[in-house]
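Observations on the model geometry
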Amino acid sequence: MKLEKEKIKDKISAESGEKHVFTCNLMAVQLLPYCQANSIYYKMKLANHNYTVYNIGNHDTICYWSNETQCELVASTFATCLVDTIEETIKKSLKPVIIYSDGCTGQNRNGILSNALLHLCMKYKISITQKFLEKGHTQMECDSVHSVIERKLRKTDCYLPCQLSTLTKLSRSHPFPYKTKEVTFNFFRDYSIKTNMFYESIRSGRVATDPTVTDLRVLKYCPSGIIYYKINYGDVYKELPTRPNKINEDQINVFPNLYQAPKKITFDKWNNLQSLKSIMPSDCHAFMTLCLIWIQAFEKQRKKIKNQLKRLLKKNVPNSL
């Protein structure tokens, strides 16, 4: 297949030091606390996410761990993690970048991530190429990282988000441990602001019969601010038909925070997490009890119930009273 030949060629280029080649993907959600107690099966738990970026050239891996109180699974979240890894890498060695990923539109193949990568390549004056794997052939090196971490987690009881980061580091010893970042809400940048977008759409056509975003196989970002595309791996690069917007140089790669505060969880989940303290070590109780996010969630739910009761009373009380 052309895809296999393409990837083998890029892997050789990465190992020889000509380019930086990355694969990236999101790990299956991990629910905490995790242990062998049957009583926790039907309880609502805290969702934790791991976005992994794997460097094919030197086997360096970084895992971005976060939980549902710190971020949502939106395009800007994934773009922030990927841009962070690429930027750290090219600061050490300025080379062209190639990214392999699956074709998930919400995560990899969308205008928000494309504009983020275009800003990055314009800032550092390098080319970035994004290649999407075909459906049914999306197995990547970063997926093997997830498999190793999951095998490690199955053998260990885990109660806190910070333990996931520790277990990730212990999952591999050769050639070196996996790197981890426990990211919080103030780490993420908002790449979805329209005024900072060069391209409002990355669709390769204009009318209904033209190819759509899901037909794209390769996107190439140039320092000149132009995006080129391929529908098939063997095609010649073509410029996207959408005319890019003009953006001032002082706005390039400058984005505000995506979140201003941690997210709130529901009262039901907060209540379930409190009930799970009975199967957790005592030194983990404080994290479940004193977390400001959950207290705020409780207060918000309490006020909501109080307002609902007021409306019901007002509706049912006769006007004469």
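Quick summary incoming for the structure in this document. Everything quoted here is computed from the prediction, not taken from an experiment. (Residues numbered from 1 in each chain as written. Predicted model: local features only at pLDDT ≥ 70, side-chain atom pairs only at ≥ 80, totals over all residues. Heavy atoms only, no water.)

A word on the pairing of strand S4 (residues 61-67)
- Judged by how many residues are buried, S4 sits mostly within the fold: 7 of 7 residues are covered.
- Neither face of S4 is exposed, since Thr61, Cys63, Trp65 and Asn67 on one face and Ile62, Tyr64 and Ser66 on the opposite face are all buried.
- As paired strands, strand S3 (residues 46-55) and S4 are joined by 7 bridges and run antiparallel to one another. Within the sheet, the bridge partner assigned to asparagine 48 lies in S4 and is asparagine 67.
- Counted along the chain from S3 to the antiparallel partner S4, the turn is 5 residues long, and its residue histidine 59 has a positive phi close to 65°.
- Where S4 lies against strand S7 (residues 179-182), 4 bridges are found, and the strand directions are parallel. Looking at the pairing, tryptophan 65 lines up with glutamate 182 of S7. (Buried < 20%, exposed > 50% of the residue type's maximum accessible area, 1.4 Å probe, protein only. Helix = DSSP H or I, 4+ residues; strand = E, 2+ residues; numbered from the N terminus. Pairing = 2+ DSSP bridges.)

Quick look at the pattern of salt bridges
- Per the counting criterion, the structure on display carries 9 salt bridges.
- One salt bridge in this structure joins glutamate 141 and lysine 7, with 3.2 Å as the shortest N-O distance. Of this pair, glutamate 141 sits in helix H4 (residues 141-154) while lysine 7 sits in helix H1 (residues 2-15); the two residues are 134 residues apart in sequence, bridging distant segments of the chain. Each member of the pair, glutamate 141 as well as lysine 7, carries the same accessibility label: buried.
- As a salt-bridge pair, aspartate 84 and lysine 181 come within 2.7 Å of each other at their nearest N and O atoms. Of the two residues, aspartate 84 sits in helix H2 (residues 75-92) while lysine 181 sits in strand S7, which places them 97 residues apart along the sequence.
- Given a relative accessible area of 16%, aspartate 84 falls into the buried group.
- One network of salt bridges, in which partners are shared, links Glu6, Asp10 and Lys131. (Salt bridge = Lys/Arg side-chain N within 4 Å of Asp/Glu carboxyl O.)

Considerations on the nonpolar core
- Core analysis: the largest hydrophobic core is formed by 45 residues, its most contacted members being Leu82 and Ile86.
- The biggest single contributor to this core is helix H3 (residues 111-124), with 8 residues.
- Ignoring anything within four residues of it in the chain, the contact list for leucine 82 reads Cys24, Tyr51, Val53, Ile99, Leu113 and Leu117.
- With 24 residues, the next largest nonpolar core counts Leu32, Tyr54, Ile56 and Leu153 among its residues. (Core = buried A, V, L, I, M, F, W, Y, C linked by side-chain atoms within 4.5 Å. Contact = heavy atoms within 4.5 Å.)

With respect to the pairing of S3
- Counting buried positions along S3 gives 10 out of 10 residues, so the element sits mostly inside the fold.
- The alternating pattern of S3 places Leu46, Asn48, Asn50, Thr52 and Tyr54 and Ala47, His49, Tyr51, Val53 and Asn55 on opposite faces, both of which are buried.
- Note: strand S1 (residues 20-26) against S3, 5 bridges, orientation antiparallel. When the bridges of S3 are listed, asparagine 25 appears paired with threonine 52.
- Bridge analysis of strand S2 (residues 30-32) against S3 gives 3 bridges, and the strand direction is antiparallel.

Here we look at the environment of leucine 273
- One can find leucine 273 in helix H6 (residues 267-275).
- Classification of leucine 273 by relative accessible area gives buried; the value is 0%.
- It is 9.2 Å that separates the C-alpha atoms of leucine 273 and leucine 32, two residues lying 241 residues apart in sequence.

Topic: H2
- The first and last C-alpha atoms of H2 sit 26 Å apart over 18 residues, in line with the 26 Å expected at 1.5 Å per residue.
- Burial analysis of H2 places 15 of its 18 residues in the buried class, which makes it a mostly covered element. (Expected span 1.5 Å × (residues − 1).)

Focus: the packing of H2 against H3
- Where H2 meets H3, the closest approach of the two axes is 9 Å, and the angle between their N-to-C directions is 20°. Our classification of the angle between H2 and H3 gives roughly parallel. Of the two elements, H2 crosses H3, and the hand of that crossing is right-handed. Between H2 and H3, the contacting residues are Ala75, Ser76, Ala79, Leu82, Val83, Ile86, Glu87, Ile90 and Lys91 on the first element and Ile112, Leu113, Ala116, Leu117, Leu120, Lys123 and Tyr124 on the second.
- Residue composition of the contact of H2 with H3, grouped by class: 12 nonpolar, 1 polar and 3 charged. (Axes fitted to C-alpha atoms, helices over the stretch in contact; angles between N-to-C directions. Parallel < 35°, antiparallel > 145°, perpendicular 65-115°, else oblique. Left-handed = near helix turned anticlockwise from the far one by under 90°. Nonpolar A, V, L, I, M, F, W, Y, C, P; charged D, E, K, R; others polar.)

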